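Structural overview for review
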Amino acid sequence: TAGQMAEEFGTEAYVVGGFVRDILLTKPNFDLDLVVETDGIKFAKKLAKKMSGRAKYHRKFKTAVVILPDGQRVDVATARLEYYEYPAALPTVELSSIKMDLYRRDFTVNALAVHINPSSFGKLVDFFGAQRDLKDRTIRILHALSFVEDPTRIMRAIRFEQRFDFRIGGQTLNLIKNALKLNLFNKLSGYRIVHELKLILNEDAVPGSIKRMDELGVLEAIHPLLVLNSSREQVITELERVISWHSLLYLEPTISVWKTYFLGLCMGISKPKMEQIYNRFSFSQTEEREFVHLRETIFWAAGNIMNIREELKPSEIYTILHPVPLEGVLFIMARTKRDMIKKYISQYLTTLRLQTIDITGDDLKELGLIPGPQYAQLLFETKLACLDSLVKGKDEQLEFVKK
Ligand code: ATP
């Protein structure tokens, strides 16, 4: 439909970016990005109407998102006809608008386009040697100032390199090293750094990316306190195993993977020094509070569970671990080297945490108890008794509460 519409508009439309890259790599990708050589907003409006979807606009950037009835999102961007100012003596180079659009992108492999007009449907547009780079498994930038223009591309290069098991090209690698020497990360906002870091820590190949960031000096550029040491490296490697084990259990709620790895990156940093990290990342008060809470509950629970010598009852395991958010529980599991503690944590995650009791606040009300904080305490103690099989069934639970 979009291709036909482009024909009617008397213009060209293309599918671009990651979608094209992933088709050539035979990997699934459901993010459809279109570029049209006309007003993208008008185009998106008409596309939404034709497809019975709706459109949202970003007028400043001449971009839009069309949301189709089945929920599929299609990004529509306008290939801008801008004139690139080249240094004086050089002749002005005339570029078609799709070429200009692709030239502004991060890496050759992300700068491919495919025609979708019916007359040229499926024709690949490759101005920068992307097909060769896909074959050679290389991440390469398009021009020497790319990282100066946008240093977050350094983190994107590592992310794609690790995701596809590619290699960052030699020249691109040198430009990364230069950019880091020039302290270009200093001018990046905390928001942009965290955004890219989250993307990296939510991918599949996290330990590889973290090691690569460390080796190239990216972690140090983000903040010197984040450089890798052997204990952080060990925990991060173990976290990968623990997180994939946990994801295979399909338990609710699912965890925030990036936060779990971030705990590993910050391991051993004191509370006051963490302030520097929160500031660098421009964390909101809520985000900061959440992390402080996470680290404090881990500290408390790890202190209790790591030194255990004798066997623990289910209620004791539950009492130690239940105040800790799930990300923290997985972190403790990755940090301990003792199989017994891993077993306790596994028991907590797979059974103790999920076990429910039969009585509720309504039952306590019926017993004539005045509602208040003691309700939670009574229900908690009932749960502990049930975990140790001291009481079974609703009647016994009610008796227990009465006592
Ligand atoms: P993913 O599979 O992770 O979604 P993607 O390639 O689709 O990868 P997006 O972040 O969705 O990545 O970006 C879409 C496209 O926009 C990219 O393919 C790339 O061409 C371009 N792009 C994104 N970020 C940048 C950037 N910082 N600099 C230049 N181009 C970028």
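Values in this document were obtained by computation on a predicted structure and should not be read as measured data.

**Things to note about the packing of helix H15 (residues 285-306) against helix H16 (residues 314-321)**
At their nearest, the axes of H15 and H16 sit 9 Å apart, and the two run at 150 degrees to each other. Taken together, the axes of H15 and H16 are roughly antiparallel relative to one another. Residues Trp300, Ala301, Asn304 and Ile305 of H15 form the contact with H16, whose participating residues are Thr319, Ile320 and Leu321.

**Things to note about the packing of aromatic side chains**
In total, this model carries 16 aromatic pairs according to the counting rule given. Taking 6.1 Å as the distance between ring centres and 80 degrees as the angle between the ring planes, the aromatic pair formed by phenylalanine 107 and phenylalanine 160 counts as edge-to-face. On the criterion of sequence distance, the pair formed by phenylalanine 107 in the loop between helix H4 (97-103) and strand E6 (113-115) and phenylalanine 160 in helix H7 (residues 152-164) is long-range, its members being 53 residues apart. Judged by centre distance (5.1 Å) and plane angle (85 degrees), the rings of phenylalanine 262 and phenylalanine 291 are edge-to-face. With phenylalanine 262 in helix H13 (residues 257-265) and phenylalanine 291 in helix H15, this pair connects stretches of sequence that are 29 residues apart. A single burial state applies to phenylalanine 262 and to phenylalanine 291, both of which are buried. An aromatic cluster of three or more residues is present, and its members are Trp258, Phe262, Tyr278, Phe281, Phe283 and Phe291. Here lysine 45 stacks its cationic end above the ring of tyrosine 57, 5.6 Å away from the centre of that ring. The ring of phenylalanine 160 carries arginine 159 above its face, with NZ or CZ at 4.9 Å from the centroid.

**Things to note about the pattern of salt bridges**
One pass over the structure, following the stated rule, counts 21 salt bridges. Each of Glu149, Asp150, Arg153 and Arg192 takes part in a single network of salt bridges with overlapping partners.

**Some points on the side chain of lysine 342**
With respect to the helices, strands and loops of the structure, lysine 342 is situated in helix H18 (residues 339-352). A polar atom in the side chain of lysine 342 sits 3.3 Å from the backbone oxygen of threonine 336. Beyond its immediate stretch of four places on either side in the chain, lysine 342 contacts Glu238, Met333, Ala334 and Thr336.

So, how was this worked out
- Residues numbered from 1 in each chain as written.
- Predicted model: local features only at pLDDT ≥ 70, side-chain atom pairs only at ≥ 80, totals over all residues.
- Heavy atoms only, no water.
- Axes fitted to C-alpha atoms, helices over the stretch in contact; angles between N-to-C directions.
- Helix = DSSP H or I, 4+ residues; strand = E, 2+ residues; numbered from the N terminus.
- Parallel < 35°, antiparallel > 145°, perpendicular 65-115°, else oblique.
- Contact = heavy atoms within 4.5 Å.
- Phe/Tyr/Trp six-rings, centres within 6.5 Å; stacked < 30°, edge-to-face > 60°.
- Buried < 20%, exposed > 50% of the residue type's maximum accessible area, 1.4 Å probe, protein only.
- Lys NZ or Arg CZ within 6 Å of the ring centre and 35° of its normal.
- Salt bridge = Lys/Arg side-chain N within 4 Å of Asp/Glu carboxyl O.
- Polar contact = N/O pair within 3.5 Å; in protein donor to acceptor, adjacent residues only side chain to side chain.

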